[in-house]
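# Notes for the structure review
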Amino acid sequence: MAFFFTVSPDFSPLHISDWFLVNTWLQRNLGEQIHLELFDDFESQRKVIEEKKVDLIYSNPYDAATLVRKHGFKAVARPRELTDEAIIAVTESSPFKRVEDLKPQTRISTTEDPNVHMMAMIMIEPADLSKVNTVITVRDSYMRIAQDLIGGTADIGFFLKSTYDDLSDLVKKQLRPLVTSQIYMVHHALLVGNKMIPLKEKLQNALVKMSSDPEGKSALEALCMKGWDLLEQEDVEFMIDLMDTLVEKE
Amino acid sequence: MKDMLPSDVPRPGTSIRHKYFDGFERTIIYTDIETSFPEGNLIVSRTDTKGKIIACNKAFCDMSGFSKDELIGQEHYILRHPDMPAAAFKDLWATVGKGKHWHGYVKNLRKDGGYYWVYATVIPNIRDGKIIGYSSIRRKPSRAKIHEHNELYKKMKLQEAK
C-alpha cells in the first residue's frame, strides 16, 4: 500500500505541479509507492492527520507541534536556507508608515495559516493591538488579502513572505510591506509518521543528494529551494518550543 | 563576568556595586541611553537548568552589545538592570520551575551600560517529562506598556528597599 504524503496548504497555487514533481522524484529514488494529496485548507488536512492517514508531511512550524508531540512524527529534513517570515502589508498610499501608527479597530485581512497569523499578530503588539481591539477577517487565499487591501476593505494584510514575493508585479506595485519579520529560526520541516519511520534514514540519504541530481535539482528549483538540510529531532523540538512562546496572550 | 569600567560606557553613568542572588557581585555602570527594539525581530536564547546561556541568536548580540562568545556560558542575569525588582525574577523562576510559561516586561542592561525593554516569554524545555533547560524569547513591547511597567517597578523597588 502506498505511503501518504501531504504538504502544508500554505504554498502558492503556482507550485501545485512542482510538488508532484518532488513526489515523482521521491518515489523513483526510494523505490516506494507514495501518494501525494494536496489540500486547499488547513482544516481538511488536519482531519486526515487526526485519522492517522499521513506518513510523510512537509509541515508548517505551527502544525509541527501537533505532529511531533501528539502523533509522534520524527524530523527528517528542512529546506536549506529557507525560513518562514511574515509580512504585514499595506497599500502603497496607506497613511501607515510604521506599526506604531496603527490604531485600535484596525481592519486586518489574514488567512488560516496559523504561523503567519501568529507572527504577524506579535508584530502589531508594539501598537498595543491584539485580537480584542482589531477587526479580523479570515480569507482563503493570499490573493484575497491583496484584494482586500487594494479594495480598501482592510487596513493591513498578513502574508507569508514567500507568497507575498510570488504576487504579480501588478499587485505588488499597489502594496508595500509595513514590517517584515526577521526571526530566521522558524521553518517548514519534512516529518515522517510511524509507518514511515523505518524508512527515515533512506529518505534522508536520498534528500541530501537531491540537489546534486539533475531532475531533483530542477524540482527543487521550481519550488525556489536550494536543497535539504537534515534535521535533528531536538531542532524541531526547539522550534516547537519557540512557536509555543508566540501563542497569543489572553 | 568582570566589573564594568567607565571606559565601557559612552558617557558618565551611575556606578553601583550589584549583588546577584547567588552571592556574585560586580560593579555596574548604567546610563539612561535606550536602545529601541528593532521591528520584526525576536531575541532568542536558551539556558541550561542553572540559567547559564547555551545558545543565542544575532538579535540577542545586537541588542545586548555582547558578542556570542561573551554570552555563551554566562549566567542570564548579566543582563539584569538594577531598576528591575527582584520579585519579578523570583516569580519567573517559581513559574518556569513548575513547568509553566512566564511572561513579563523586562528592562535589560546592555554591555555599554544602556538599556532596552522587552516583552519576555520564558518556557521550560521539557523532553521526556524532564526540564532540560529554558528558552527565552523577547519581543518588542509597546511604549504604553513600557511606561506602565517602569512606574510599577519603581514602586516595587521602593517596597523592596524598606
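Residues numbered from 1 in each chain as written. Chains lettered and ligands numbered in written order. Predicted model: local features only at pLDDT ≥ 70, side-chain atom pairs only at ≥ 80, totals over all residues.

### Some thoughts on the overall build of chain B
To keep things clear, this is the line we draw: We count a stretch as a helix when DSSP gives it H or I for four or more residues in a row; a strand needs E for two or more, and each element gets its number in order from the N terminus. Just to be clear, the radius of gyration here is over C-alpha atoms, and the globule rule we use is 2.2 Å times residues to the power 0.38. Our exposure labels follow a C-beta count within 10 Å of each residue's own C-beta, placed from the backbone: buried means 20 or more other C-beta atoms, exposed means 12 or fewer, and partly exposed covers the counts in between.
Secondary structure summary: chain B contains four helices and seven strands in total. Along chain B, helices and strands appear, N-terminal first, in the series β-β-β-β-α-α-α-β-β-β-α. Compactness check: chain B gives a C-alpha radius of gyration of 15 Å against a globular reference of 15 Å for 162 residues, within 12% of the reference. For chain B, the C-alpha atoms occupy an extent of roughly 50 × 35 × 35 Å along the three principal directions. In chain B, which comprises 162 residues, the proportion classed as buried is 33%.

### Here we look at the interface of chain A and chain B
Selection criterion: Here contacts are defined at the residue level, using C-beta atoms placed from the backbone and a cut-off of 7 Å between them.
Facing 20 residues of chain A, the contacting portion of chain B comprises 18 residues. Within the residue set of the side of chain A that touches chain B, elements represented by two or more residues are α4 (114–123), β9 (175–180) and α10 (233–245) of chain A. Per element, the largest residue contribution to the side of chain A that touches chain B is five residues, and it comes from α10(A).

### Quick word on the confidence of the model for chain B
Where the model shows low pLDDT, its predicted coordinates should not be examined in detail. Test applied: Per-residue confidence from the prediction method is given by pLDDT, with values spanning 0 to 100.
Mean pLDDT over chain B: 92, with 99% of residues reaching 70 or higher. With pTM at 0.88, the complex prediction returns an ipTM value of 0.86.

### Points about the packing of helix α1 (residues 16–30) of chain A against helix α9 (residues 214–222) of chain A
Residues and elements named next belong to chain A. To keep things clear, this is the line we draw: Helix axes are fitted to C-alpha atoms over the stretch in contact, other axes to C-alpha atoms as well, and angles between N-to-C directions run from 0 to 180 degrees. For classification purposes, angles smaller than 35 degrees are called roughly parallel, those larger than 145 roughly antiparallel, those between 65 and 115 roughly perpendicular, and all remaining angles oblique. If you view the pair so one helix is near and one far, a crossing is left-handed when the near helix is turned anticlockwise from the far one by less than a right angle, and right-handed when it is turned clockwise. Amino acids outside the nonpolar list (Ala, Val, Leu, Ile, Met, Phe, Trp, Tyr, Cys, Pro) and the charged list (Asp, Glu, Lys, Arg) are all regarded as polar, and Gly is one of them.
Where α1 meets α9, the axes come as close as 9 Å, and the angle between the chain directions of the two elements is 155°. When the interaxial angle is binned, α1 and α9 end up roughly antiparallel. For the pair α1 and α9, the crossing hand works out as left-handed. Each of Asp18, Leu21, Val22 and Trp25 in α1 lies in contact with α9, whose residues at this interface are Glu215, Gly216, Ala219 and Ala222. Class assignment of the residues belonging to the contact of α1 with α9 gives a composition of five nonpolar, one polar and two charged.

### Things to note about unusual backbone geometry
All names here are of chain A. Of note in this structure, Lys52 is not a glycine but carries a positive phi near 60°. Take Lys52: it is sitting in the loop between α2 (42–50) and β3 (56–59). What makes Lys52 exposed here is the crowd of 12 C-beta atoms within 10 Å. With a phi close to 60°, Cys224 is a non-glycine residue in the positive phi region.

### Section: the sheet that holds strand β5 (residues 86–91) of chain A
Residues and elements named next belong to chain A. Note the following rule: Here, any two strands with at least 2 DSSP bridges between them count as paired.
Here we have five strands laid out as an open sheet, ordered β7-β6-β8-β5-β9, and mixed in their pairing. In this open sheet, the two edge strands, each paired with only one partner strand, are β7 (134–139) and β9. Along the sheet, successive strands turn relative to each other by an average axial angle of 30°, direction set aside. As judged from the six bridges shared by strand β6 (residues 106–111) and β7, these two strands associate in the parallel manner.

### A closer look at the nonpolar core
Where we set the bar: Core membership is restricted to buried Ala, Val, Leu, Ile, Met, Phe, Trp, Tyr and Cys residues, and these are joined into a nonpolar core through C-beta atoms within 7 Å.
Grouped together as the largest cluster of nonpolar side chains are 99 residues, with contacts concentrated most on A:Ala86, A:Ile88, A:Ala89, A:Ala120, A:Met123, A:Phe159 and A:Leu191. Dropping the residues within four chain positions of it, A:Ala86 is found in contact with A:Val116, A:Met119, A:Ala120, A:Met123, A:Phe158, A:Phe159, A:Leu160, A:Lys161 and A:Ser181.

### A few points about the environment of A:Ile57
Residue and element names in this part refer to chain A. The topology assignment puts Ile57 in strand β3. Take Ile57: there are 27 C-beta atoms within 10 Å of it, and that puts it in the buried class. Other than its neighbours up to four places away in sequence, Ile57 contacts Thr6, Leu67 and Leu191.

### Describing the sheet that holds strand β3 (residues 43–47) of chain B
In space, the five strands of this open sheet follow the order β4-β3-β7-β6-β5 (chain B), with antiparallel pairing throughout. Strands at the two margins of the open sheet, each flanked by one partner only, are β4 (53–56) and β5 (102–109) of chain B. Strand-to-strand twist of the sheet, defined as the mean angle between neighbouring strand axes without regard to direction, takes the value 30°. Bridge count for β3(B) against strand β7 (residues 130–139) of chain B is five bridges, and the pairing is antiparallel. By the bridge assignment, B:Ile43 is partnered in β7(B) with B:Arg138. Contacts from α10(A) reach β3, β6 (115–127) and β7 of chain B, with the element oriented near 130° to β6(B). Its contacts with the sheet put helix α3 (residues 86–97) of chain B on β5, β6 and β7 of chain B, and the angle it makes with β5(B) is roughly 140°.

### Brief notes about the environment of B:Ile78
Residue and element names in this part refer to chain B. Structurally, Ile78 is set in the loop between α2 (68–71) and α3. Judged by C-beta crowding, with 19 C-beta atoms within 10 Å, Ile78 ranks as partly exposed. In this structure the C-alpha to C-alpha distance between Ile78 and His149, which are 71 residues apart in sequence, comes to 21 Å.

### Observations concerning the environment of A:Leu178
Residues and elements named next belong to chain A. Note on placement: Leu178 falls in strand β9. Remark: the alpha-carbon pair of Leu178 and Phe42, spanning 136 residues in sequence, is separated by 26 Å. Beyond its immediate chain neighbours, meaning those up to four positions away, Leu178 contacts Ile88, Ala89, Val90, Phe96, Val99 and Ile156.

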